[in-house]
Each structure stands twice: as structure tokens, then as C-alpha cells.
Amino acid sequence: MKKIQMVDLNGQYQTIKEQVNDSIANVLETSAFINGPEVHAFQKELEDYLGVKHVIPCANGTDALQIAMMGLGLKPGDEVITADFTFAATVEVIALLNLTPVLVDVELDSFNIDPVALEKAITPKTKAIVPVHLFGQCANMDAIMEIAEKHNLYVIEDNAQAIGASYTQKDGSKKKAGTFGHVAATSFFPSKNLGCYGDGGAIFTNDDALAHTLRGVVNHGMYERYHHDVVGVNSRLDSIQAVVLRAKLPLLDQYNKSRREAAEKYSKALAGHNNIIVPTLVNTCATQCENCDCHVFHQYTLRITNGQRDALVKHLGELQIPCGVYYPIPLHLQKAYLDERYKEENFPVTNQLVKEVISLPMHTELDDEQIAYITSTILAFVNQ
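Let us look at the structure shown here. Only a predicted model underlies this, so the values are computations on that prediction, with no experimental measurement involved. (Residues numbered from 1 in each chain as written. Predicted model: local features only at pLDDT ≥ 70, side-chain atom pairs only at ≥ 80, totals over all residues. Heavy atoms only, no water.)

1. Comments concerning the pattern of salt bridges
Step number 1: All chains considered together, the criterion is met by 13 salt bridges.
Step number 2: We note a salt bridge from Lys150 to Glu119, for which the minimum N-O separation is 3.0 Å. Here the residue Lys150 occupies a position in helix 6 (residues 141–151), and Glu119 occupies one in helix 5 (residues 115–120), the gap between them amounting to 31 residues.
Step number 3: The class for Glu119 is partly exposed, based on a relative accessible area of 28%.
Step number 4: The residue Arg309 makes a salt bridge to Asp310 at a minimum N-O spacing of 2.7 Å.
Step number 5: We classify Asp310 as exposed; its relative accessible area is 52%.
Step number 6: Here the salt bridges share partners, and the residues they tie into one network are Glu38, Glu45 and Arg246. (Salt bridge = Lys/Arg side-chain N within 4 Å of Asp/Glu carboxyl O. Helix = DSSP H or I, 4+ residues; strand = E, 2+ residues; numbered from the N terminus. Buried < 20%, exposed > 50% of the residue type's maximum accessible area, 1.4 Å probe, protein only.)

The structure is reproduced here in C-alpha cells:
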């Protein structure tokens, strides 16, 4: 059996090596490193794939979130509601802009923001909601968009983990993750479902005026050289990253299909155990179906319910089976984001999840032998 890796970037690279190497060599020969034709080509291809009017590439996913908020003109003191159970970048940019983060609990089955908790947190100072499509599955966008419309709030989708996922709306129509809100942000960090070979990110919107503002923000506030019309930052996707993404984008649906197939094998082996809860698909399917694309499994995250999660992590590590705990500490308990407004009784689900979740290796190169070894090891441990 080949070595098990949490993410096998080299294995994936080997399948596109010739195209990537040739494209990178072409960038080096033309020396069009910043805002070159490859970046513009990738932008158009991603717009077509997502069915969105505007894609604005930038330097990384965290910048994408910050730039989205800057483009909306949010002001210091404005409240922005987001999920307590997510990576810190989501709340980090809110604080960096001197906005007021408001953390709320998540749903136990999807790990995504709880619309009921969200609506309860709205005050006259609330200006925006940031739903995070965690681990590859969309938040409840029907409910979130209804709440946003009711209260006249912006919706900024954090789509760093769910690019390529679809969401079926109440009327039966499907849209890609990141195309519901006023604006969305994504990351092309190498381990993402669509990842480059460095840092990269992008912002999506269907709003022409907002797109114009965002294009200025990413480039020092300039639309014409040395004319600074808005306050901006320096955040651009470089051409070498763009060619990597161009090579991978046509394969994204296949990559996501491979992840779903691996997830289905994991779940088939682990489902039904009293102390293991496998991921739940909550959009249109109670279980995975052959053509389901509502979850793209950026992470395959179990819940271990007998208090033995940490012992299992240690056991897997001893056997050189990588795993991750995403995330071990709620954001409301992180030192940087402590606030007397937060009461423990308002975060029962998050406080439970941080003790139970464990993410298994998930990537396009997983094979049946590896999955069988991982699952049999887990079952042997929990059956002790």
C-alpha cells in the first residue's frame, strides 16, 4: 500500500504535469507575470463554470473576504454575523476592518450556520451575513437569503471549501455555491478542491457596480495608473498560479466526483456504528446518490461520540494515518475574539462538535486499499 497522505498534491500533479510545466514555461518566456493574459483567461473560464457575471482574482482567500467587505462599504462598528465553527480567517477580516463580528451557533447535521440562531442575533447595527459553506456543503441559502432580504442585509458567501458544489433551491433550480449572495469569496490554497501551487483567491458577484469597485480595490484603488479612486490593497493572482488553475478547472467536476466516491466508501464502511456519525447531506439528499453534487467533500468529517476522539487521533497518528481536527477551539473562545457578549449556552452545538469531529484523508488520489485500511483501523479502535 502506498503511503497515506491527508492531501496528495504530488499524485494529482503527475496527471497534469506536462500541461502545467509547459504553461509555466510559457509564462516565464513571455514574462507576463502580473495581470497577464493567463489571469484574464482563467477569470473568464471560472465565470463560465460558475455561471456568474464577474470573477475578480486576487492573492488569497483571506484577501478575497476582506476585499468583498471593503467593496460593500461596510463601516467600523457595523455588525457582521458569521458561524462560530469555522476557520479564523472568516472572522479575522471582520476584525481587521474594525467591523464587529457576531458569532452564532451552527447546525449539528451540516456544521453550517444555523439560520434560527442567525436571525436571533440581528440588531439594528447588523449589516451583513457571512455564511461559510463548510467542508464542501452549502449552508441553507434559501433561509439565509430570505432573512437577508427581510432585514436588508448583505450576504457574503465564504466559499473557500465548496467550489463546484451545487445547491438546489426550494423552486427546484440549481446554482453553484458562491453565486447566491451579493458577493462571494474563495481560496485557491493548494489543498483546496481547486488549488494552485501557492496562494490565490477570487471574488464573485453578479453586481456590475460592485465588480467595478472590487477591481479597483484589488489594485491599490486604481482604474487608471497612478489615479487612486478608492482605498485599495495590493492583492493580485499571478500568472503562474493562473495557469495551474486553468489546467485544473476543466477537471474540477471529476476531482469532486472522485472525492464523493471516496466519501461514499468511507460512509459505507463506517455507517451504523453507535459511536460514529458519518457526514450528512442536507440539501436534497438524505444519503449520497450517484449524481449528487451538493457536497464536494473538501473534508470528510466524522463525529466520534463516545469521548474517544482525541485517543483515536493519537492512535491513527501512531499508525501513520494522517487526520485532522477542524476545528478544536470555537472562535468565541479564541483569545483574539473573546467578547463578554458571548454566552456558552448560545453555542451548544459548536461546543459539542469541537470535542467530536475528526477529518480523514480526502483527495482525488485515494484508493480502495487505503480507504479499507483507514476504516478498518477506526472500527477496530472504537470497538475495543
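2. Here we look at the nonpolar core
Step number 1: One finds Ile81, Phe85, Ile113, Leu118 and Ile144 to be the most contacted residues of the largest nonpolar core, which totals 35 residues.
Step number 2: Per element, the largest residue contribution to this core is four residues, and it comes from helix 6. (Core = buried A, V, L, I, M, F, W, Y, C linked by side-chain atoms within 4.5 Å.)

3. Examining the environment of Ser191
Step number 1: By the element assignment, Ser191 lies in the loop between strand 8 (183–187) and strand 9 (201–205).
Step number 2: The spacing of Ser191 and Thr62 is 129 residues in sequence and 15 Å in space, taken between C-alpha atoms.
Step number 3: For Ser191, the contacting residues outside a window of four places in its chain are Val7, Leu9, Arg259 and His298. (Contact = heavy atoms within 4.5 Å.)

4. Some points on the sheet that holds strand 2 (residues 79–83)
Step number 1: Strand order in the open sheet formed by seven strands is 1-9-8-5-4-2-3, with mixed pairing between adjacent strands. Each edge of the sheet is formed by a strand with only one pairing partner; in this case those strands are strand 1 (54–58) and strand 3 (100–104). Sheet twist, expressed as the mean angle between neighbouring strand axes with direction ignored, is 25°.
Step number 2: Bridge count for strand 4 (residues 126–130) against strand 5 (residues 154–158) is two bridges, and the pairing is parallel. In the strand pairing of strand 5, Ala128 is matched with Tyr154.
Step number 3: The sheet strands contacting helix 6 are strand 4 and strand 5, and the helix crosses strand 5 at an angle near 150°.
Step number 4: Helix 7 (residues 208–217) contacts strand 1, strand 8 and strand 9 of the sheet and is inclined by roughly 15° relative to strand 1. (Pairing = 2+ DSSP bridges. Axes fitted to C-alpha atoms, helices over the stretch in contact; angles between N-to-C directions.)

5. Things to note about unusual backbone geometry
Step number 1: Of note, the amide linkage connecting Tyr326 to Tyr327 takes the cis form, showing an omega dihedral of 20°.
Step number 2: Take Tyr327: it is sitting in the loop between helix 10 (309–318) and helix 11 (348–356).
Step number 3: In this structure, Asn152 is a non-glycine residue whose phi angle is positive, near 60°.
Step number 4: With respect to the helices and strands, the residue Asn152 is situated in the loop between helix 6 and strand 5.

6. What to know about helix 2 (residues 37–50)
Step number 1: A rise of 1.5 Å per residue sets the reference length of helix 2, with its 14 residues, at 20 Å; its end C-alpha atoms lie 20 Å apart and thus fit the reference within 8%.
Step number 2: Glu38, Val39, Ala41, Phe42, Gln43, Leu46, Glu47, Tyr49 and Leu50 are the residues of helix 2 that are buried.
Step number 3: Positive backbone phi, approximately 70°, marks Gly51, located one or two places after helix 2. (Expected span 1.5 Å × (residues − 1).)

7. Overview of the packing of helix 10 against helix 12 (residues 368–382)
A pair of packed helices can be characterised by two numbers: the angle between their axes and the separation between those axes.
Step number 1: The interhelical angle for the contact between helix 10 and helix 12, taken along N-to-C directions, is 135°, at an axis separation of 11 Å. In terms of orientation, helix 10 lies oblique with respect to helix 12. As for how helix 10 packs across helix 12, the hand of that crossing is right-handed. Here Ala311, Leu312, His315 and Leu316 of helix 10 come into contact with helix 12, specifically with Thr377, Ile378 and Phe381.
Step number 2: In the contact of helix 10 with helix 12, the residues fall into five nonpolar, two polar and no charged. (Parallel < 35°, antiparallel > 145°, perpendicular 65-115°, else oblique. Left-handed = near helix turned anticlockwise from the far one by under 90°. Nonpolar A, V, L, I, M, F, W, Y, C, P; charged D, E, K, R; others polar.)

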